[in-house]
Each structure stands twice: as C-alpha cells, then as structure tokens.
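An overview of the molecular structure
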Amino acid sequence: MNDTLQVALREIKTGFRNPWAYSFLLLFTIFSISLLMIHSQSFMEGYTGATGSMLNLILYLLPLMTLFLGSFSLTSEKEDGNWQLLSTYPLSTLSFITGKYIGLAAMLLAIVCFGYGVMGVVGVITGHSFGLLTYYLFVVFSIGLVLLFLAVAMVVGSCCSNRWQALTVSVSLWFFAVIGWNTLLIGFLGWLPYLWIKPVLVAMTLLNPAELVRLFVIVKLGGGSVLGPTYYRWVDWIEQPGGSYIFTGVCLVWLLVSIGLVYWIWERGRTRG
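Each value, and the rule that gives it
- Residues numbered from 1 in each chain as written.
- Predicted model: local features only at pLDDT ≥ 70, side-chain atom pairs only at ≥ 80, totals over all residues.
- Heavy atoms only, no water.
- Axes fitted to C-alpha atoms, helices over the stretch in contact; angles between N-to-C directions.
- Helix = DSSP H or I, 4+ residues; strand = E, 2+ residues; numbered from the N terminus.
- Parallel < 35°, antiparallel > 145°, perpendicular 65-115°, else oblique.
- Left-handed = near helix turned anticlockwise from the far one by under 90°.
- Contact = heavy atoms within 4.5 Å.
- Nonpolar A, V, L, I, M, F, W, Y, C, P; charged D, E, K, R; others polar.
- pLDDT = per-residue confidence, 0-100.
- Phe/Tyr/Trp six-rings, centres within 6.5 Å; stacked < 30°, edge-to-face > 60°.
- Buried < 20%, exposed > 50% of the residue type's maximum accessible area, 1.4 Å probe, protein only.
- Lys NZ or Arg CZ within 6 Å of the ring centre and 35° of its normal.
- Core = buried A, V, L, I, M, F, W, Y, C linked by side-chain atoms within 4.5 Å.

This brings us to the packing of helix H6 (residues 132–159) against helix H10 (residues 209–220). In the contact formed by H6 and H10, the axes pass within 9 Å of each other and the chain directions differ by 165°. The orientation of H6 relative to H10 falls into the category roughly antiparallel. The interaxial crossing formed by H6 with H10 has right-handed handedness. Along its contact with H6, which presents Leu137, Phe141, Gly144, Leu145, Leu148, Phe149 and Val152, the element H10 presents Pro209, Ala210, Val213, Arg214, Val217 and Lys220. A breakdown of the residues in the contact of H6 with H10 according to their chemical character gives ten nonpolar, one polar and two charged.

See below:
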C-alpha cells in the first residue's frame, strides 16, 4: 500500500509539472464558463436541447484530454528509461499500475473540479447557475468519463512504445468512440438479422465508456424518451431505485478488467526483460 501511495504522489507531482496539464486546466475552465453561458440562454431545467449540446461538448473534450495525458504518462516511463530502473527495485507491478492510475485520476479530477468550481462561482455571481441536480449530474458525467477513459488510456500507453504511437492510437480511439460512434453503429447494425440487433447494441454500448456514461446521465436528467424504443430497457433499469448502483457496478467491472489487462501487459514485459 505504501508503494502504491508513493507512486501516486510521484505521478501527481510529475503531472502538475507537465505543461499539458495546465493547458488542459485553462482550456477546461474556459470551456466550463462557456457551458454556463449556453445554460444562461435556456430557461428550463432537466434534459433540454441546451443540456444535450453541453453534454456533447464535454464528451468531445474530456475523453481526448484523458487519453493524451494518461497514455503519454505510461509511454514516457518506457522512453525515459524510468520503468527499467524501477523494475530493479522491490516494487510490484500491481503497485506501480494502481499508483499510476490513482495519481493520474487525482490530477485529472483536480482539473475537472477546478473548472466546475469556477463555473459554479461565476454562476452564483451572475445569477445563472445550474440547478443542483443538473450540476451534480454534469459532475458525475465528467468524473465517469475521466475514470473510464483513463483506464483505456493506460491500456493504450501499455501497448505503445512511444508517444507518437500513443498519440495516433488515442486519436483513433477517441474518433471511434465519440465522433464516429453513431454512424459506425448504425452501419454495422444494418447488416445484422433483426433478432440480433438489441443484444449486439447492448454489448457494444457496454464496450464504449462514452456511450455508457452518456446514456446514464441523459436518463437521469429525464431525457430517456429521446433515446427511442431500442433503449427502453436501459431507461427502465436506470430509473429504478438501484439503477445508480448497477451503473456503478458496471463501471467498476470496466475498471477492474482494464487495470487487469494493463497489469498483465506490464508483468509480461517485466518477466521477459
């Protein structure tokens, strides 16, 4: 546990010395204030056209930011030779991986909390603040994206040998999961027999963290009707009293599987030298 904490603290210190972190901090703060300006033009709470636009904007920025910072952190350990040195010490691979994840998560969540904090203060001063539930769900949406995409970023960083490879793979995954998801999904499902569509849709949604978190927040905001009949079962279980616990459980499984894969990759490389 002490080794994990030491790795996490080292990662936090290194992360906040990275100019990329401050660039994203400034960008997300400006972005958060822009969301508040969009909200100030809407007079309705819950899921509206303005709220949907804000969710999409967050969906464009946060996963890309997380993929870059997370994957670059791991590939830099290989390029700079830090991992070769650390592997000679009595530091377990699991402690190294979990410490990296905790440290990166702390840094990224600090950026998110700072941006939303500034947005909240400006909202109170200008009298155009979000409703408490809406504000809470936006924070949950952002935290969910960061934690899940950070797990993806660590898999990317583990598989890539340098920053350029990590950059290429990160942008490709971001484009697939966020920008091109709906088009690719419709095109793929159109080739399947009708009875296969719903089970495949459920499986593919569970495999895409961006879509998984987006659907949950939309339903919680009261916009389940815009999803259409295909997602009726999703709306049903999310609106249940235990829906939030089920969603949290799915996210935990996502994280454990991803961290397990990262551990296997690094441990395999360590034993093979």
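A word on the confidence of the model for the protein chain. The predicted model of the protein chain averages 83 in pLDDT, with 90% of residues at 70 or higher. Of all secondary-structure elements in the protein chain, the lowest mean pLDDT belongs to helix H4 (residues 82–86), at 73, while helix H7 (residues 163–179) reaches the highest, 91.

This part takes up the packing of aromatic side chains. A full pass over the atoms with the stated rule returns eight aromatic pairs. Look at Phe28 and Tyr116: their rings are 5.5 Å apart centre to centre, the planes differ by 85°, and that puts the pair in the edge-to-face class. Of this pair, Phe28 sits in helix H2 (residues 19–40) while Tyr116 is found in helix H5 (residues 93–126), placing the two residues 88 residues apart along the sequence. Considered together, Phe28 and Tyr116 belong to a single accessibility category, that of buried residues. Seen in terms of ring centroids, Tyr116 and Tyr135 are 6.1 Å apart; in terms of plane orientation they differ by 70°. Their pairing is edge-to-face. Of this pair, Tyr116 sits in helix H5 while Tyr135 is found in helix H6, placing the two residues 19 residues apart along the sequence. Three or more aromatic residues joined by ring pairs make a cluster, and in this case those are Phe28, Phe31, Tyr116 and Tyr135. In this arrangement the basic side chain of Lys78 is found over the ring face of Trp266, its NZ or CZ atom lying 5.3 Å from the centre.

Moving on, we get to the nonpolar core. Counting 70 residues, the largest nonpolar core has Ile58 and Leu145 as its most contacted members. For this core, the elements supplying multiple residues, two or more each, are H2, helix H3 (49–79), H5, H6, H7, H10, helix H11 (232–239) and helix H12 (243–271). Ile58 has contacts with Phe31, Leu35, Pro63, Tyr116, Phe138, Phe141, Ser142 and Leu145, leaving out every residue within four places of it along the chain. Judged by nonpolar contacts, the second largest core, of six residues, contains Trp181, Leu185, Leu189 and Leu201.

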